[in-house]
Amino acid sequence: MSFVTVKNLVKRFSNHTVFKDINFTIEQGEFITILGPSGCGKSTLLRSLAGLNDVEAGEIWVAGKNITQLSAQQRNIGMVFQSYALFPNMTVQDNIAFGLKMKKIHKEQITKQVQRVIELVELKGKELQYPEQLSGGQKQRVALARSLVVQPQILLLDEPLSALDARIRKRLRQQICEIQKELNLTTIFVTHDQEEAMTMSDRIFLMDNGNIVQQGTAEDLYTQPANEFVARFMGNYNLLSAQQAQSILGVTVSHKLAIRPESIYVREEGREYGKHISAPSTAIIKNHQLLGNVIRYKVQVKDCEITVDLLNRSSERLMQPGSQLQIMFNLNELKAVS
Amino acid sequence: MIKANIIYHKCIVYSTIALLLIPILATFLYSISSSWGASILPDGLSLDWYGQLWQDPRFLAAFGRSLLICIAALLLSTLLIIPLIFVVFYYFPKLSGLMNVLILLPFAVPPVVSSVGLLQLYADSSLQIVGTPWILIGTYFTIALPFMYRATANSLEAINLRDLMDASHLLGASTVQAFLMIILPNIKKGLLASLFLSFSFLLGEFVFSNILVGTRYETLQIYLYHISKSSGHFTSALVMTYFLFVFLLTWLASHISRGTQS
C-alpha cells in the first residue's frame, strides 16, 4: 500500500461541489505538486488533507491508518501558509518551539531541536527577532522550520512562494527541494505557477474545476497532455480544429490537434528536412514578444493564428511584423486532444 | 513662505491649547489658594483644600464606590465580550455585520431616556435592584460595550485570525490553548487601551448614577454634585484630583494603543 492513499474524496460547500471523486496515491518521500488555476479547488483539497476542512465522502489513508475522521491536531501533518501565519507575539525561536511545547517535550530537547531546524533553514542569528522584523523570505523559512520541527508525516505547502519577489522565490524554491530530499519528507505543494510545478515536483496532479484532470511527471504533462485544458495550461500549445488541421497540414482527423510552439520550424533555404516535417505553409508575422532566450511570434496561417517559439540566437533573427515566412510542423509532435 | 506658514500654524495650535488650558489652570489656582476675594491674585497659597479632601471620609467612600462599580462593570465586559467576539469572528464571521449594529444601540438612546426606561422596567420587577450598585454595574456594562467591542474587533481584524488558528491547531494546540497563547496576547493591547478609556469615561458618568441610584449609593460624580454647592476651593481641589486621575488613565490608554500600531 502506498504511503498516502486518497479514495473518492468529495467536498461540498452548501450547494457548490468544490471537488469530487478525488483519487490518488503518493509514495513516501515523493514531492507532489497540485497545480491548477485559481478557484479549481486545490487549496480546499490541501486543507481537507490537513483536517482543516471536513469532507462529505471518501477516505484519506496515511501510513496504513485511516485519518479521515481525525482532527487537524491529531494528524501530525505540517502546513505552510501563503500568509506565513507566524504568531506575531512570539520570537522566531518561540514560534518554532510552539509545536514541541504542545507535545510537552522536555525543555532541553526543545532547544536542541529548534537549533537544528534553525540551522537547516539558515536562520541562525535571527532566533530572538519577532516576525515583523523579518523579510518575506525569512518569514516563510520560519514557517517552514515551525512545520518541520515536529517531524510531520506529510508536509503541505499552500502557495508558500506566491507573496515573495521573483529572486527570493527562486532561491527558496531550491531550498525547499533540498530540505525535502535531505529529510526524505513526503510533500504536497499547491501552486498555480506551472514553472514552479515543473521544476520542483516528482509528480504533478493537474486540477481543473474540482477534478484531477491528469497526473504524471512534468515531462508527461508537458509532452502528453490529456486534453485541451492541460495543453493550454502546461505549455502554450497551439490548438488546431479538425478543419484547420485539414487546411494547413492536409491531414484528416476527427479531433483537435495540439502542437507546442517550439516544435514548429521556420524553413531555411537549402536545408534538408526529414519525412516527419510537414510541407511548408506561408505565414505572416503579426507580432513578437521577447522572452529572453526565446522569441515568441504570433503568425497568421490562413484563418488560424499560431504561436511559434524560436531560440533567440542573434539579433539579426528578429523578424518584424508584416514579414512573410514559411513554417513547417513536426508531425511526430502533433498530439490528438479531446 | 513655508516658514511663515509654519509660524501661522504654530500660532493657531498654541493659542488653542492656551485657551483650553485657561479653565484648568484657573481651577488649579483656585484649588491651591487659601482665599480669593476682591483681588486679581489670590490672598495666599495653601494645600489645605487637598488635605481636607483626602481626609473627608465621604469623599473617600464615594471614590471607592465609583472605583468598585467601574472595575466590576469592566470586568464583566471583558469576561463577556472577549469570548463573544472570538466566537463571532472565528465561527460566525457573517454575524459581524449584525454585531456592529447591535453594539451601537447603547449609543442610539440618550442616557436620560434609557435611565427612565430602566427605572420603569425595574420598579415593578421582582428583581429589586434600583438604588443598588447592581443596576449601575449592568448599565455601565452596556455603556462600555461599544468601546470595548470596537477596539477588540479592530485588533482581531489586524491579525489573520483563521490562519493563526489553523496553524496552531496543526501544531497540536486545542482551540482554547490557541486562543489563550496566540489570539489573546495579540489583542491584549487594544483591549487594555479600550479598558482605560472606558474606565475614565465611566468614572465621569453622572446621569445614570443620579437617576438610577442617587444618594442611596453615592458615587464620585454624585458627591461632586452635592459638594459643589459648598466651598468653591474645596470643589476645585476635587475637580483637579479627578482631572489628574482621568488624565493619567487617558495617557496610559493612548500610550498603550500607540504601542499597538508600532
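Since this is a predicted model, take the numbers as computed values, not measurements. What you see as residue numbers is a count from 1 along each chain, following the sequence as written. Whichever chain is written first becomes A and whichever ligand is written first becomes 1, with later ones labelled in order. Residues qualify for local features only when their pLDDT is at least 70, as the model is predicted, and side-chain atom pairs are given and counted only at 80 or more; totals for whole chains, interfaces and linings, by contrast, use all residues.

A. Focus on the overall build of chain B. Going along the chain from the N terminus, every DSSP run of H or I of four or more residues is numbered as a helix, and every run of E of two or more is numbered as a strand. When its secondary structure is counted, chain B shows 11 helices and zero strands. Along the chain direction, N to C, the helices and strands of chain B fall in the order α-α-α-α-α-α-α-α-α-α-α. Taken over C-alpha atoms, the radius of gyration comes to 23 Å for chain B, far larger than the 18 Å a tight globule of 262 residues would show. Here the C-alpha coordinates of chain B stretch approximately 75 × 70 × 30 Å along the principal axes. Whether a residue is buried, exposed or partly exposed follows from its count of other C-beta atoms within 10 Å of its own C-beta, namely 20 or more, 12 or fewer, or something in between, respectively; the C-beta atoms are built from the backbone. The burial tally for chain B puts 30% of its 262 residues in the buried class. C-beta atoms are placed from the backbone for every residue, and two residues are taken to be in contact when these atoms lie within 7 Å. In chain B, the proportion of contacts linking residues at least 24 apart, taken out of those at least 6 apart, comes to 73%. What the globule rule says is 2.2 Å times the number of residues to the power 0.38, and the radius of gyration is computed from C-alpha atoms.

B. Local environment of the pairing of strand E9 (residues 203-208) of chain A. All names here are of chain A. Of the strand pairs in this sheet, strand E3 (residues 31-35) and E9 are connected by four bridges, and their pairing is parallel. In the sheet register, Ile-32 faces E9, and the bridge partner there is Arg-203. In this description, strands pair whenever DSSP reports at least two bridges between them. Where E9 meets strand E10 (residues 211-216), five bridges bridge the pair, whose relative direction is antiparallel. Each bridged residue has a counterpart across the sheet, and for Leu-206 the counterpart in E10 is Gln-214.

C. Focus on the sheet that holds strand E8 (residues 186-191) of chain A. Residue and element names in this part refer to chain A. Taking strand neighbours across the sheet as the criterion, the six strands line up as E6-E7-E8-E3-E9-E10 in an open arrangement whose pairing is mixed. With partners counted over all chains shown, the strands left at the sheet margins are strand E6 (77-80) and E10, one partner each. Pairs of neighbouring strands in the sheet enclose a mean axial angle of 20°, with direction left out of account. A fitted line through C-alpha atoms represents every axis, and for helices the fit uses only the stretch in contact; the resulting angles, taken between N-to-C directions, go from 0 to 180 degrees.

D. Layout of the interface of chain A and chain B. Taken together, the contacts link 18 residues of chain A with 15 residues of chain B. At the level of secondary structure, the elements contributing two or more residues to the side of chain A that touches chain B comprise helix H2 (72-75), E6 and helix H3 (92-102) of chain A. For this scheme, ten residues count as nonpolar: Ala, Val, Leu, Ile, Met, Phe, Trp, Tyr, Cys and Pro. Four count as charged, namely Asp, Glu, Lys and Arg, and the remainder, Gly too, count as polar. Grouping the amino acids of the side of chain A that touches chain B by side-chain chemistry returns 12 nonpolar, five polar and one charged.

E. Looking closely at the sheet that holds strand E18 (residues 335-337) of chain A. Residue and element names in this part refer to chain A. The antiparallel open sheet is built from three strands, whose spatial order is E11-E12-E18. The sheet is open, and its two edges are formed by strand E11 (238-240) and E18, each paired on a single side. Sheet twist, expressed as the mean angle between neighbouring strand axes with direction ignored, is 35°. Bridge count for strand E12 (residues 256-259) against E18 is three bridges, and the pairing is antiparallel. What sits directly across from Leu-257, in E18, is Ala-336.

F. Representation of the confidence of the model for chain B in the model. All names here are of chain B. Known as pLDDT, the predictor's per-residue confidence is scaled from 0 to 100. Across chain B, the average pLDDT comes to 87, with 98% of residues at or above 70. Of all the helices and strands in chain B, helix H11 (residues 232-261) carries the lowest mean pLDDT, 81, while helix H7 (residues 161-170) carries the highest, 94. Overall fold confidence for the complex sits at a pTM of 0.81, while the interface term, ipTM, reaches 0.84.

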